Amino acid sequence: MRTGHLKAGRTAQTLGFLGKSPDSKGTNFFTVEFRDPELLWLSPLSPCNLSQGSCPQVVIRLPALVCTSDHEACLHRKSTSVRKDGDVVIGCFLSLYFYIYYTAIFDIQPTREFYYVPLTPRNYQNYLAFAFAIDEINRNPHLLPNISLGYEFHNFISSHWVMLESSFILLTGQHEIPNYMCGRESKCAAVLTEMPWDTSGQIGPLLELYRFPQVTFGSFDPTLTDSAQYPSLYQVAPKDTYLALGMVSLMLHFRWTWVGMLIAEGQKGHQFLSDVRAEMDRNRLCVAFVKMLSTVAVSYFSFTKQHDVLTADTASANVVVIYYDTDSTHDVNYNIVQDSVTWKVWVTNSRWHADLSGRDFILDPFHGTLVFSHHHKEISGFKNFVQDATPYKYPEDTYLFMYWSKNFGCSFSESDCALKNCTPNASVAWLPPNRFDTALSDGSYNIYNAVYAVAHALHGMLLEEVQRPPMRNRTVMLFHHWQLHRFLKNIQFHNPSGDQVNLDDRRKWDSEYDILNFWNFPEGLRLKGKVGTFSSHAPHGQQLTLHEDMIEWATGTAETPRSVCSDSCNPGFRKSPQEGKAACCFDCTPCADSEIANGTDMEQCVKCLDDEYANTQRNHCLKKAVTFLAYEDPLGKGLVGTALSLTVLTAAVLGLFVKHQHTPIVKANNWALSYTLLLSLTCCFLCSLLFIGRPSTATCILQQTTFGVVFTVAVSTVLAKTITVVLAFKVTAPGRRVRQLLISGAPNSIIPICSLIQLTLCGVWMGTNPPYIDTDAHSEHGHIIIVCNKGSLTAFYCVLGYLGSLALLSFTVAFLARNLPDTFNEAKFLTFSMLVFCSVWVTFLPVYHSTKGKVMVAMEVSSILASGVGLLGCIFAPKCYIILLKPERNCPTGISNKTHFIRKEPSYH
């Protein structure tokens, strides 16, 4: 066990190396104890009380490869840089291992003694792609002919001193004094780096000071497009402009409306969060929660922060978007695993990788992950190059040496630390995907294009050099670094795979994405299968293509997962927002009458047209059936039968009176008025038929005019009969004037006068606003009722009011004359008939206004029939009774027997 002050690279910075003692009186220093090849235990040196639990102890989980003491001596002999000579050299910074070394607490002098070297397979593929591109260009007779490319590779370690040292080596070609050339001339034309500007701030300003071309092959960073601030920096990666749109399109396809966000802190993470939120808002999707994940670039002591994934606000979301843009996801992966976050669907970008240092989890939380990866074609020959890469073929490759020693059971020779006893004919292609993935990643493809971009720029410069006068004894291509900028800015070419590459941010094409599905079945297989694509150039609605039958969902999920805050509202219901909650959280409220919702999750119900109605499910509008008070309806049949029966009855009464016209009971009270009344009642019963059947313009006009005129004739006839009774009684008194009025038939003139007034009112009505055909779409559900609109309600009520005035006048006169001595007591019959008539129409008015549609028409017909029956029954029923059943009373003898006092009956007919 070694003790001392732990000073770490990225891993140690992520997890920290200092801690406060429980009493906060000092700082605990930790020992480094290798108890397990995959765990690094940090224990305090300061005294502590184990029984009280005051000893802080931190368990750091690290990637799989740990160099034990048996390997350290041989590893110290290996250089941390790899060089291949050539006429022109391309430099490269790439992080392949993490680096822990020791130094005194106050000693600022660096040490190169390291004890811990984990390799990351994903980054090692990037290194192989870099070496493959150099080798492929050197074999290409059409690109940089007669010029050999070399490379100078430096491991990117999170150590200021080491990074600066590597930068000076690239710039000067020597390890000695900066800015003083005392050795070989540097052949480096450009440097490739994956690190974003914030984590490579130590070398960026230095290279910029020398105007040294820098080509980054990490994910595209919009903050680096400012040519004034970063004039020597070029980005080869495609833009991620439509990444948010692609992920939202996936959510829309599967109807995921309630989605969580795990976003890496940093400017790109915040920009992506802003873009995806705006796109989700545009499509009415909701963010269930947002968890910002601290990274090394943000916090050197992130072990003090707990990334609790399973909390109360995250349990409801079954789909989580992970946006990661850093080099290590171990902290996120392990927090998810330790929280046992299974049965979730993870949607992420290609920078995320579930490495987990080769661990196979029984319930893999990342099985079924959907990854958006930039679309690119396969590099021909790359897999063969990877399969053939061995430390025996490339003995100068330190990283291949270390990788072989870990994965193929090698031992070291004591004399020269050469590998021995390795698995025969071993190849990294034999390793499972969790140890080495041969599928080309986005980073490997970008670094491949970056090498070709520098080569094409050099080729353009070479062509320009050829056109100049030759220089004596020139054996290599000599140029200044800054001269390459002019060619890099305008470079645009097709790589050997056929994809277009350019470094101008303004001419970059928007990305196309392959949607990969992360599989881990059988356990530990860890494969990525292509299940779909997303293209921003495709027509709207065709941008996303998915093969759902190929998708493996999260462990324990057989069907397509659902992720919603509230279940969808079925047709017939509308969404009702829940107060204080997101728009995706709602209640389902049934649509009102005459409103429908024919889709799911409708915001508002749609009102049906006037000629339509909603079905019982409230999801379709149906055409209303046209209806009216037809003769075929039961109600219509009843009214027609009643009207015709009353008409026949009235005609029978008229015939009976004509047959017995010479009898006293017919002669009494002017038989001509009786005939007139019976004829008018017949017309009243018949006019009710105008209200039944399909209305037309003619019937609508005839309904009201005929009703008004014939009833006016009937009521005015009753008034004339009543006045006749009164005058007949007055005849017995002395005086000739009353007798003259009775003999001359003056009461009969009341009928034409009153009828003329009614005709005048009807004429004004018909001339101003006559009745017309109208529809009633609201009285009966599912029906449009064709009715006659009264037109001018004022004229209608004037006609009805005039008729009521005549009836009231007749009733008043008859009531005053009810006790006058009369043989057949006709005054009482007239009084009672007008009482019935007035009662019917007084009742009619409120009932008429409280009904609608066919019932209103039926009510009007019933009132006509009822009032006619009142007149017919009250006036003529007693007389018919005497004529038919008491004929002895319909003779002079019968009349004298029933008379209490004898008087001569006047003749007034």
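Residues numbered from 1 in each chain as written. Predicted model: local features only at pLDDT ≥ 70, side-chain atom pairs only at ≥ 80, totals over all residues. Heavy atoms only, no water.

Q: What is the right way to look at the environment of P395 in this model?
A: Tracing the backbone shows P395 in the loop between α9 (382–388) and α10 (398–407). Separated by 23 residues in the primary sequence, P395 and A418 place their C-alpha atoms 9.4 Å from one another. (Helix = DSSP H or I, 4+ residues; strand = E, 2+ residues; numbered from the N terminus.)

Q: What exactly am I supposed to notice about the state of the cysteines here?
A: One covalent bond between the sulfur atoms of two cysteine residues makes up a disulfide. The tally for this structure, following the rule as stated, stands at 7 disulfides. Shown here is the disulfide that connects C410 with C422, its sulfur atoms set 1.9 Å apart. Taking the torsion about the sulfur-sulfur bond, which here is approximately 130°, the covalent link between C410 and C422 counts as right-handed. One end of the pair, C410, is in the loop between α10 and β20 (411–412); the other, C422, is in the loop between β21 (419–420) and α11 (442–466), and 12 residues separate them in sequence. The exposure classification of C410 matches that of C422, with both residues buried. A sulfur-sulfur distance of 2.0 Å marks the disulfide that ties C569 to C588. With the S-S bond torsion at -95°, the cross-link from C569 to C588 turns out left-handed. Pair noted here: C569 is in the loop between β26 (544–546) and β27 (573–577) and C588 is in strand β28 (residues 586–590), with a separation of 19 residues, a long-range link. Overall, the relative accessible area of 35% leaves C588 in the partly exposed class. C684 carries a free sulfur, and the closest cysteine sulfur to it, the one in C687, is 5.5 Å from it. (Disulfide = S-S within 2.5 Å. Buried < 20%, exposed > 50% of the residue type's maximum accessible area, 1.4 Å probe, protein only.)

Q: Where do I start with the packing of aromatic side chains in this structure?
A: The geometry of an aromatic ring pair comes down to the distance between the two centres and the angle between the two planes. Taken as a whole and assessed by the stated rule, the structure comprises 25 aromatic pairs. Note on F711 and F837: the rings are 5.8 Å apart at their centroids and 40° apart in plane angle, and the pair reads as tilted. Taken together, the positions of F711 in helix α16 (residues 697–731) and F837 in helix α20 (residues 826–850) put the pair 126 residues apart, joining distant regions of the chain. Of the residues examined, F711 reaches a relative accessible area of 0% and is grouped as buried. Among the residues examined, F837 registers a relative accessible area of 2% and is labelled buried. (Phe/Tyr/Trp six-rings, centres within 6.5 Å; stacked < 30°, edge-to-face > 60°.)

Q: Sorry, what's going on with the pattern of salt bridges here?
A: Should the charged atoms of two oppositely charged side chains come close, the side chains can pair. By the definition in use, this model includes 12 salt bridges. A salt bridge links D135 to R139, with the shortest nitrogen-to-oxygen separation between them at 3.0 Å. A residue is classified by how much of its surface remains accessible, and R139, at 53% relative accessible area, is exposed. D593 is the partner of R618 in a salt bridge, and the nearest nitrogen-oxygen pair spans 2.5 Å. Residue R618 is located in the loop between β31 (612–614) and β32 (621–623), and its partner D593 is located in the loop between β28 and β29 (595–596); the two are separated by 25 residues in the primary sequence. On the accessibility criterion, D593 (58% relative accessible area) is exposed. In the salt-bridge network here, residues are joined through shared partners; they are R284, K575 and E603. (Salt bridge = Lys/Arg side-chain N within 4 Å of Asp/Glu carboxyl O.)

Q: Any chance you could explain the sheet that holds strand β35 (residues 783–789) here in plain terms?
A: Within a beta sheet, neighbouring strands are joined by backbone hydrogen bonds and run either parallel or antiparallel to one another. Pairing is mixed across the open sheet formed by 3 strands, whose spatial order is β33-β35-β34. Each edge of the sheet is formed by a strand with only one pairing partner; in this case those strands are β33 (625–627) and β34 (772–776). The average undirected angle you get between the axes of adjacent strands in this sheet is 30°. (Pairing = 2+ DSSP bridges. Axes fitted to C-alpha atoms, helices over the stretch in contact; angles between N-to-C directions.)

Q: Could you clarify how one ought to interpret the sheet that holds strand β16 (residues 286–293) in this entry?
A: Read across the open sheet, the 8 strands follow the order β16-β15-β17-β18-β19-β24-β25-β26; overall the sheet is mixed. At either end of the open sheet lies a strand with only one pairing partner, and these are β16 and β26. The average undirected angle you get between the axes of adjacent strands in this sheet is 25°. Both strand β15 (residues 258–264) and strand β17 (residues 319–323) contribute to a ladder of 5 bridges, which runs parallel. Bridged to L262 within β17 is I322. Sitting on the sheet, helix α6 (residues 243–254) is in contact with β15, β17, β18 (345–349), β19 (370–374), β24 (512–519), β25 (527–535) and β26, with an inclination near 55° to β26. Across the sheet, helix α7 (residues 267–282) touches β15, β16 and β17, and the angle it forms with β15 is around 165°. (Contact = heavy atoms within 4.5 Å.)

Function cannot be inferred from these measures alone, as they are strictly geometric.
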